[in-house]
There are 2 protein chains.
Amino acid sequence: MGKNLLVAQSGGPTSAINASLSGVIEQALKEGSIDTVYGAKHGIVGVLNEDLINLTEAFADPKEIERLYYTPASALGTCRHKLKKLTEDQSEYHTILNTLVKYNIGYFVYIGGNDSMDTVDKLNQFFIANDHKDILAIGVPKTIDNDLVITDHCPGYGSAAKYIGTTLAEIERDTRAYNSKTLTIVEIMGRNAGWLTAASALSRIHGNKGPDFIYLCEVVFDKDKFIEDVKSAFEKSNTVIVAVSEGIKDKTGGYVADDESILGMKKSGNTDAFGHSQLSGACRTLGIYASEKIGCKVRPIELSSVQRCAAHIASATDLAESKQLGTLAVKSLMEGEGNVMITVERVSSKPYEVKYSKAPVSQIANNEKKVPREWINEAGNDITQELMDYMLPLIQGQVPGIYENGIPNYKVLFQ
Amino acid sequence: MGKNLLVAQSGGPTSAINASLSGVIEQALKEGSIDTVYGAKHGIVGVLNEDLINLTEAFADPKEIERLYYTPASALGTCRHKLKKLTEDQSEYHTILNTLVKYNIGYFVYIGGNDSMDTVDKLNQFFIANDHKDILAIGVPKTIDNDLVITDHCPGYGSAAKYIGTTLAEIERDTRAYNSKTLTIVEIMGRNAGWLTAASALSRIHGNKGPDFIYLCEVVFDKDKFIEDVKSAFEKSNTVIVAVSEGIKDKTGGYVADDESILGMKKSGNTDAFGHSQLSGACRTLGIYASEKIGCKVRPIELSSVQRCAAHIASATDLAESKQLGTLAVKSLMEGEGNVMITVERVSSKPYEVKYSKAPVSQIANNEKKVPREWINEAGNDITQELMDYMLPLIQGQVPGIYENGIPNYKVLFQ
């Protein structure tokens, strides 16, 4: 009798995290040494609560695996639960181990970002220390933020980038159709890494102007330089478009979104379980400032969470790679290798070629990869051609999706 | 020697207004009695400024007409310029007539909403009164708001509705992936008519829950009833999603977005050239209120202008009909009939069948069609099946678009 496999998803949803899940399920169902495939609801929380779904049954029909492939967000549900340090409190680890033993789980696949890799690392340490080397945990990368180290890029990023590039091209058509003096400020996700904001430049592919300026959170934001930039652009055109990261910060390190000298009021400074600041509103705060300083009409556009789940415009390249990463995670487990994250290495950009590899999860956990300064122009208000060349292969190819009655029919595992 | 044709676009951009333009150009180029096709930049303002483009030259290659078909927003540019009453000041009318005579224009096609139909009506009156019955102006409908009278529906609406339905399905996947208590408030365009907000219900097509509540601007909004609704939904689920029209108003007739008792501050009340209030923020204002009254986490999502220009998810039905309306406008002019707007009549919904007709522009101008009260449920917080049946045929069919290098390559006539 073989072992069972358990898979879970964690962190912010993406358009590709279910493609990885589809790879895990499809491969696990093929492996003779895996009896049953289970999914934990809401990530590690589902393991803690013994809230599991039998995926072998749920995906008996291969068409449902295909439907899952095209479905955005986390079909198994997600969480933002961080396990305590092993040296602090091991009670949750024991609960998890009990569930795994009870369900005869030999393999645990966690699809997520660097927090999830931290979880994988801690679990493996705990299993070894508690005489359960027979349970292997492995990581599959995921994050639209594209900020995981070692891997060339992250599943989910290419699809979000394709959505952002396309949407910026559409916003540009919309904005430049008017002839009145208007500043459009598009706010794009990214607290500490500007990869998604950089994708706004993809709207220039066909020779269009694209955003007049792009401000990534890697560069200290100077609001008066920003006003100068916008004024200079208004000298050439009545319609000015800028793209900003939600996480742009001023020289004090404070978020521009919360700039009290602009807002004239104190915002509440809630932080979430991981200590990240709950942001929103760089586009609105800057809009107030520009309106005061320039007197132009301002149109703030926050791309919101739609940018991470717009699966109808997913990148075919991204989905295919994401599935492959899930497949390879199962294969690695079958070869007896856990405690790694499957990674993508770029062999070349033109023509685009990648190979897959592995890295110890401990090297991924709690690290982040920002946009290199040399991929941002000297003035700090645009990106370089090198960054365009990096992004371009990741957004190639359209997906058909599964449309029924005019709307994509996404896979729903539970309501 | 024949006459020339002039076409222009006006009002807010849509994903289908260029499909209508492509129909006008394609048909006009076929007509032996039309010499040259011109386009006015930025609507009637381009006629006033003699700012015309030779479209016969610009669209010599039929491939460019196809590219135009898939391009969002107004390729000719748009304006919000309202001509003065004929009894008030005729100076602009004389300027327009001079331009038309100078360019030997016999036919003027104006693609737009009810303000544009008002312009067509006034121009025709002026031409007749000034011995220029030889110039015929005609209207082609356009507006994502779907609020033009007589025509069954408006070009651009079906594509916006498809985007909204798809995006809400994606937001639902994203939102319900979490298990923390969260209220998501999606704000959808529509000042006086809730047709677009109603389209949020299309996310339910495949048996999904969709928004828990839908509040259209046709119904007086009661913020305390709203809180009751949300509380009752939280009893059944941790994730609650509501869709609201930007233009929801309370019993005093004031916009909920501007509710000072919530905002605790006075907003500036700018109005545009047509006296419409410049809105934004019903989702944020309501978010503040719900956060105070319920203490839940709130995620405000404003679909913004992206909803009107997301041509990558245009409705094939909408684009095909929009083009046909442009084609028929030219044919009507060739038959000597102007001063009408081409309309769509629905023959049946199942199977979907339409026929095209005409209505005097004077009957369209300055009127608006709201969602009938009987298509909204009694409680005023959802729509009825009749409205679903009305919308469903309009979003059918996907468009391939013209992708190059991962992003749609849209037609740009001028930067």
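Residues numbered from 1 in each chain as written. Chains lettered and ligands numbered in written order. Predicted model: local features only at pLDDT ≥ 70, side-chain atom pairs only at ≥ 80, totals over all residues. Heavy atoms only, no water.

1. Structural notes on the relation of the copies chain B and chain A
Stage number 1. Each copy of the sequence occupies a distinct position, and chain B is placed on chain A by a rotation of 180 degrees and an axial shift of 0.0 Å, giving an RMSD of 0.0 Å. The superposition operator between the copies reduces to a two-fold rotation axis.
Stage number 2. Of all interface residues in chain B, 100% are interface residues in chain A too; the two copies therefore contact each other through one and the same surface. (Least-squares fit on C-alpha atoms with pLDDT ≥ 70 in both. Contact = heavy atoms within 4.5 Å.)

2. Some remarks on the side chain of Ser-315 of chain B
Residues and elements named next belong to chain B.
Stage number 1. Here Ser-315 shows up in the loop between helix H12 (306-309) and helix H13 (316-334).
Stage number 2. Classification of Ser-315 as buried rests on a relative accessible area of 0%.
Stage number 3. Polar side-chain contacts of Ser-315 include one of 2.7 Å to the backbone oxygen of Leu-394.
Stage number 4. Once residues within four sequence positions are removed from consideration, Ser-315 is found in contact with Gly-158, Ser-159, Lys-162, Leu-394, Ile-395, Gln-396, Gly-397 and Val-399. (Helix = DSSP H or I, 4+ residues; strand = E, 2+ residues; numbered from the N terminus. Buried < 20%, exposed > 50% of the residue type's maximum accessible area, 1.4 Å probe, protein only. Polar contact = N/O pair within 3.5 Å; in protein donor to acceptor, adjacent residues only side chain to side chain.)

3. Quick look at the sheet that holds strand E6 (residues 182-188) of chain B
Residue and element names in this part refer to chain B.
Stage number 1. Spatially, the four strands line up as an open sheet ordered E7-E8-E6-E9, and their pairing is parallel. The sheet is open, and its two edges are formed by strand E7 (213-215) and strand E9 (297-302), each paired on a single side. This sheet shows a mean twist of 20 degrees between the axes of neighbouring strands, independent of strand direction.
Stage number 2. Relative to strand E8 (residues 239-245), E7 runs parallel, the two sharing three bridges. When the bridges of E8 are listed, Ile-214 appears paired with Ala-243.
Stage number 3. Against the sheet, helix H11 (residues 282-294) contacts E6, E8 and E9, and its axis sits at roughly 170 degrees relative to E9. (Pairing = 2+ DSSP bridges. Axes fitted to C-alpha atoms, helices over the stretch in contact; angles between N-to-C directions.)

4. Brief notes about the interface of chain B and chain A
Stage number 1. Taken together, the contact between chain B and chain A spans 62 residues of the former and 62 residues of the latter.
Stage number 2. In this assembly, chain B packs against chain A so that about 5000 Å² is buried in total across both faces, 56% of it on carbon and sulfur atoms.
Stage number 3. The tally of links between chain B and chain A comes to four salt bridges.
Stage number 4. Linking chain B with chain A are 27 residue pairs in polar contact (both at pLDDT 80 or more), by the criterion used here.
Stage number 5. Residues of the side of chain B that touches chain A, tallied by class, amount to 24 nonpolar, 24 polar and 14 charged. (Buried area = accessible area lost by both parts, 1.4 Å probe. Salt bridge = Lys/Arg side-chain N within 4 Å of Asp/Glu carboxyl O. Nonpolar A, V, L, I, M, F, W, Y, C, P; charged D, E, K, R; others polar.)

5. Here we look at the sheet that holds strand E9 (residues 297-302) of chain A
Residue and element names in this part refer to chain A.
Stage number 1. The sheet built from four strands is open, its strands ordered E7-E8-E6-E9 with parallel pairing. Edge positions in the sheet fall to strand E7 (213-215) and E9, since each has one partner strand and no second. Pairwise comparison of adjacent strand axes, ignoring direction, gives a mean angle of 20 degrees for this sheet.
Stage number 2. Across six bridges, strand E6 (residues 182-188) lies against E9 in parallel orientation. Bridging from a neighbouring strand, Ile-185 pairs with Pro-300 of E9.

6. Section: the pairing of strand E11 (residues 353-360) of chain B
Residues and elements named next belong to chain B.
Stage number 1. Across eight bridges, the pairing between strand E10 (residues 340-348) and E11 is antiparallel. Bridged to Val-340 within E11 is Pro-360.
Stage number 2. Hairpin connection from E10 to E11: four residues lie between these consecutive antiparallel strands.

7. Describing the pattern of salt bridges
Residues and elements named next belong to chain B.
Stage number 1. Per the counting criterion, the structure on display carries 48 salt bridges over all chains.
Stage number 2. The residue Asp-115 makes a salt bridge to Lys-82 at a minimum N-O spacing of 3.8 Å. Here Asp-115 is found in helix H6 (residues 114-129), whereas its partner Lys-82 is found in the loop between helix H4 (62-69) and helix H5 (91-102), with 33 residues between them in sequence.
Stage number 3. Among the residues examined, Asp-115 registers a relative accessible area of 18% and is labelled buried.

8. Re the environment of Ser-291 of chain A
Residue and element names in this part refer to chain A.
Stage number 1. With respect to the helices and strands, Ser-291 occurs in helix H11 (residues 282-294).
Stage number 2. The exposure class assigned to Ser-291 is partly exposed, which follows from its relative accessible area of 35%.
Stage number 3. Residues Ser-291 and Val-242 lie 49 residues apart in sequence; the distance between their C-alpha atoms is 14 Å.

9. Comments concerning the packing of helix H5 (residues 91-102) of chain A against helix H6 (residues 114-129) of chain A
All names here are of chain A.
Stage number 1. Two elements in contact, H5 and H6, have axes separated by 11 Å at closest approach and are oriented at 75 degrees. When the interaxial angle is binned, H5 and H6 end up roughly perpendicular. For the pair formed by H5 and H6, the contact residues are Tyr-93, His-94, Ile-96, Leu-97 and Leu-100 on the first element and Lys-122, Leu-123, Phe-126 and Phe-127 on the second.
Stage number 2. Here the residues of the contact of H5 with H6 are counted per class, giving seven nonpolar, one polar and one charged. (Parallel < 35°, antiparallel > 145°, perpendicular 65-115°, else oblique.)

10. Details of the confidence of the model for chain A
Residue and element names in this part refer to chain A.
Stage number 1. Residues at a pLDDT of 70 or more form 96% of chain A, whose mean pLDDT is 94.
Stage number 2. Low pLDDT, under 50, characterises residues 265-279; the stretch is placed with 31 contacts to residues that sit more than four places away or in other chains.
Stage number 3. Scored by ipTM, the complex comes to 0.95, with pTM at 0.96. (pLDDT = per-residue confidence, 0-100.)

11. So, the state of the cysteines
Stage number 1. If you walk through the whole model with that rule in mind, you get zero disulfides over all chains.
Stage number 2. Free cysteine: Cys-296 of chain A, not disulfide-bonded; nearest cysteine sulfur from Cys-283 of chain A at 14 Å.
Stage number 3. Between Cys-309 of chain A, a free cysteine, and Cys-283 of chain B, which holds the nearest cysteine sulfur, the sulfur-to-sulfur gap is 16 Å. (Disulfide = S-S within 2.5 Å.)

12. Considering H5 of chain B
Residues and elements named next belong to chain B.
Stage number 1. Taking 1.5 Å per residue as the helical rise, H5 with its twelve residues ought to reach 16 Å, and the 17 Å between its terminal C-alpha atoms agrees with that figure.
Stage number 2. When we look at burial in H5, the residues that qualify are Tyr-93, Ile-96, Leu-97, Thr-99 and Leu-100. Projected down its long axis, H5 shows its buried positions confined to an angular sector of 160 degrees, all on one face. In H5, the exposed positions angled more than 90 degrees off the buried face are occupied by Asn-98 and Lys-102. (Expected span 1.5 Å × (residues − 1). Arc of directions from axis to C-beta.)

13. Some details on the layout of surface pockets
Stage number 1. One number sums up the size of the second largest pocket: a volume of about 290 Å³.
Stage number 2. What lines the second largest pocket is a set of 21 residues, and nearest its centre among them are His-312, Val-399 and Tyr-403 of chain A together with His-312 and Val-399 of chain B.
Stage number 3. Residues that form the lining of the second largest pocket fall into these classes: 14 nonpolar, five polar and two charged. (1 Å grid on protein atoms, 1.4 Å probe; cavity = no way out; pocket = protein on both sides within 12 Å on 5 of 7 lines; lining within 4 Å. Points joined across faces, edges and corners; volume = space filled by probe spheres on them.)

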